[in-house]
Amino acid sequence: MKIYLLLLALITFGSCKKIKNITTNQQEQIHLVDSSLVAKYSASITASSLKENLYLFASPAFAGRATGEEGQKKAVRFLANFYKSQGIASPIADTSYFQHIPKTFLPENIQASENVLAYIKGSEKPEEVLIISGHLDHLGLNEKDIFFGADDNGSGTVAILEIAKAFKAAQDQGISPKRSILFLHLTAEEIGLQGSLYYTKNPIFKLENTIANLNIDMIGRVDPLHKENPNYIYIIGADRLSKELHYINEKVNKNSTNLLLEYKYNEKEDSNRYYYRSDHYNFAKQNIPVIFYFNGEHEDYHKPTDTPDKINYTLLKKRTQLIFGTAWQLANQENRLILNKDN
Ligand SMILES: [Zn+2]
């Protein structure tokens, strides 16, 4: 089965059309803002901080964070306490970072749950908002094992915390983003993208003012195709609604993190259909440009062995820095992202 899949993957990979390389002209049109500031605050994102938070978030105490269960409740309290301790506000109310999702919205036998929201208000265009998201839930436990979900999606969760901290550090030194940034931790992804569906049906900021969604789901590991060159990340969806978003992400990467940006899972014919399989898709359905950052599947995917000791923290840091740089550009560049004409 594995060999068959590998062959299939190779055939698909070999036959698919890559996104055309950006022309020099197109690259020139994108002007990266605040390069030295981005470098400065990007440097505040560290492997040790990511590691410290991930060992907590993927610990036995959170019992695999199954939607509606006690471990997931602990996880959302952990996230709310983090934002509180950092002085990062909630957009919902002063006292709660939770968007409650009633039991009636969720599949049968799933208890009520909650998304966690924190935000930094924009200084010039506060009504326009960039959403940085990642799911907080995972598969829970069975009779003998905990599904720790360190990569899925502890890695994305702690990346968001680190990005939020970096934007807050800038704000504390008088540099607020021009647009608002919403840090959105979504529940119930593993049971059908329910947390993001609920948010898009009950948005806190108007969807028409939501400029983009950067969604992070599994960015701490290396897949079998990249054992020899782990300096990569899969980029999915970036060009579908806004080519400008694709070019921005490429240019930020070229100027800073220099990861190999892999697009094979972005192909429309790709049989894995990852574009439809994480929370960004609910935003894309609303015509909001998205990027899905993803390391691909690996041998511990959806197994109890997805543990924090197997995360490549240096790589997690680099990938987090790329997302931070792209987020900074989107929140601060003069124009709001331009949508493709043929959408
Ligand atoms: Zn996931």
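Conventions and cut-offs
- Chains are numbered independently. Their residues run from 1 in the order of the written sequence.
- The predicted origin of the model limits local features to residues at a pLDDT of at least 70 and limits the giving and counting of side-chain atom pairs to 80 or more, whereas totals for whole chains, interfaces and linings rest on all residues.
- Strands qualify as paired when DSSP identifies two bridges or more between them.
- A run of H or I in DSSP counts as a helix once it spans at least four residues, and a run of E counts as a strand once it spans at least two, with each numbered from the N terminus.
- The convention used is that axes are lines fitted to C-alpha atoms, helices contributing only their stretch in contact, and that angles between N-to-C directions extend from 0 to 180 degrees.
- We call two residues in contact when their backbone-placed C-beta atoms lie within 7 Å.
- Think of it as a crowd count around each C-beta: if 20 or more other C-beta atoms lie within 10 Å the residue is buried, if 12 or fewer it is exposed, and in between it is partly exposed, with C-beta placed from the backbone throughout.
- Every crossover in which the path from the first strand over the helix to the second runs clockwise, viewed with the strands pointing away from the viewer, is termed right-handed.
- Each residue gets a pLDDT score, which is the predictor's confidence in that residue and runs from 0 to 100.
- By our criterion, buried Ala, Val, Leu, Ile, Met, Phe, Trp, Tyr and Cys residues that link up through C-beta atoms within 7 Å make up a nonpolar core.
- For classification purposes, an angle smaller than 35 degrees is called roughly parallel, one larger than 145 roughly antiparallel, one from 65 to 115 roughly perpendicular, and anything else oblique.
- Here is the rule for handedness: rotate from the far helix to the near one, and if that takes an anticlockwise turn smaller than a right angle the crossing is left-handed, while a clockwise turn gives right-handed.
- The nonpolar class holds Ala, Val, Leu, Ile, Met, Phe, Trp, Tyr, Cys and Pro. Asp, Glu, Lys and Arg form the charged class, and all remaining residues, Gly among them, are polar.

Asker: Looking at this structure, how should I read the sheet that holds strand β5 (residues 210–216)?
Answerer: Across the sheet, which stays open at both edges, the eight strands sit in the order β1-β2-β4-β3-β5-β8-β6-β7 with mixed pairing between neighbours. Pairing within the sheet leaves two strands with one partner each, and these edge strands are β1 (98–101) and β7 (260–262). Strand-to-strand twist across the sheet, computed as the mean angle between neighbouring axes with direction ignored, equals 25 degrees. Note that β5 and strand β8 (residues 290–294) share four bridges and pair parallel. Along β8, the bridge assignment pairs L214 with I291. Each of β1, β2 (113–120) and β4 (179–186) is contacted by helix α5 (residues 70–86), which is oriented at about 10 degrees to β2, the strand it contacts most.

Asker: Explain the environment of Y313 to me, please; I cannot follow it from the model alone.
Answerer: By the secondary structure assignment, Y313 is in helix α11 (residues 313–332). Taking the number of C-beta atoms within 10 Å as the measure of exposure, Y313 has 19 and is therefore partly exposed. On a C-alpha basis, the gap between Y313 and E28 in space is 33 Å, while along the polypeptide they are 285 residues apart. Setting aside its immediate chain neighbours within four residues, Y313 contacts A47, L50 and K51.

Asker: Hey, could you run me through the pairing of β4 in this one?
Answerer: In regular strands, side chains alternate between the two faces of the sheet. Counting buried residues along β4, eight of its eight residues qualify, which places the element largely inside the surrounding structure. Sheet topology places β2 next to β4; five bridges connect them, and they run antiparallel. In the strand pairing of β4, Y119 is matched with L182. Where strand β3 (residues 125–135) lies against β4, eight bridges are found, and the strand directions are parallel. Across the sheet, the residue bridging to I131 is L182, located in β4. For the handedness criterion, the β-α-β arrangement of β3, helix α6 (residues 150–172) and β4 is classed as right-handed.

Asker: What is the right way to look at the confidence of the model for the protein in this model?
Answerer: Close inspection of predicted coordinates is inappropriate for parts of the model with low pLDDT. Of all residues in the protein, 92% have pLDDT values of 70 or greater, and the mean over the chain is 92. Residue range residues 1–22 is modelled with pLDDT below 50. Its contacts to residues more than four positions away, or to other chains, number 12 contacts.

Asker: Help me understand unusual backbone geometry in this model?
Answerer: Peptide bonds are, in most cases, trans, and in most cases residues other than glycine have a negative phi. Between D152 and the following residue, N153, the backbone shows a cis peptide bond with an omega angle of -5 degrees. Summarising the element assignment, N153 is placed in helix α6. Phi is positive for A188, which is not a glycine, with a value near 55 degrees. Position of A188 among the secondary structure elements: in the loop between β4 and α7 (194–201). Backbone geometry at N258 places phi at a positive 50 degrees, although glycine is not the residue there. Of note, N258 is situated in the loop between α9 (243–255) and β7. According to the C-beta neighbour criterion, N258 is exposed, with 11 such atoms within 10 Å.

Asker: Can you help me understand the nonpolar core in this one?
Answerer: Inside soluble globular proteins, nonpolar side chains tend to come together where they are buried. Among the nonpolar cores identified, the biggest contains 85 residues, and L130, I132, I163, I181 and A327 are the most heavily contacted of them. At 10 residues, the largest contribution of residues to this core is made by α6.

Asker: Got a minute to help me understand the packing of helix α3 (residues 35–42) against α6 in this structure?
Answerer: What describes two packed helices is the angle between their axes and the distance between those same axes. Where α3 meets α6, the closest approach of the two axes is 9 Å, and the angle between their N-to-C directions is 120 degrees. Compared by their axis directions, α3 and α6 come out oblique. Of the two elements, α3 crosses α6, and the hand of that crossing is right-handed. For the pair formed by α3 and α6, the contact residues are L37, Y41 and S42 on the first element and A166, A169 and A170 on the second. Along the lines of polarity and charge, the residues of the contact of α3 with α6 split into five nonpolar, one polar and no charged.

Asker: Mind showing me how you'd approach the environment of L141 here?
Answerer: Tracing the sequence through the fold places L141 in the loop between β3 and α6. C-alpha of L141 to C-alpha of A63: the two residues are 78 residues apart in sequence and 6.4 Å apart in space.

Asker: It is not clear to me how the pairing of β2 should be interpreted in this structure. Could you clarify?
Answerer: Counting buried positions over the eight residues of β2 gives eight, a clear majority of the element. Two elements, β1 and β2, share four bridges in a ladder whose sense is antiparallel. Bridging across to β2, Q99 finds its partner in N115.

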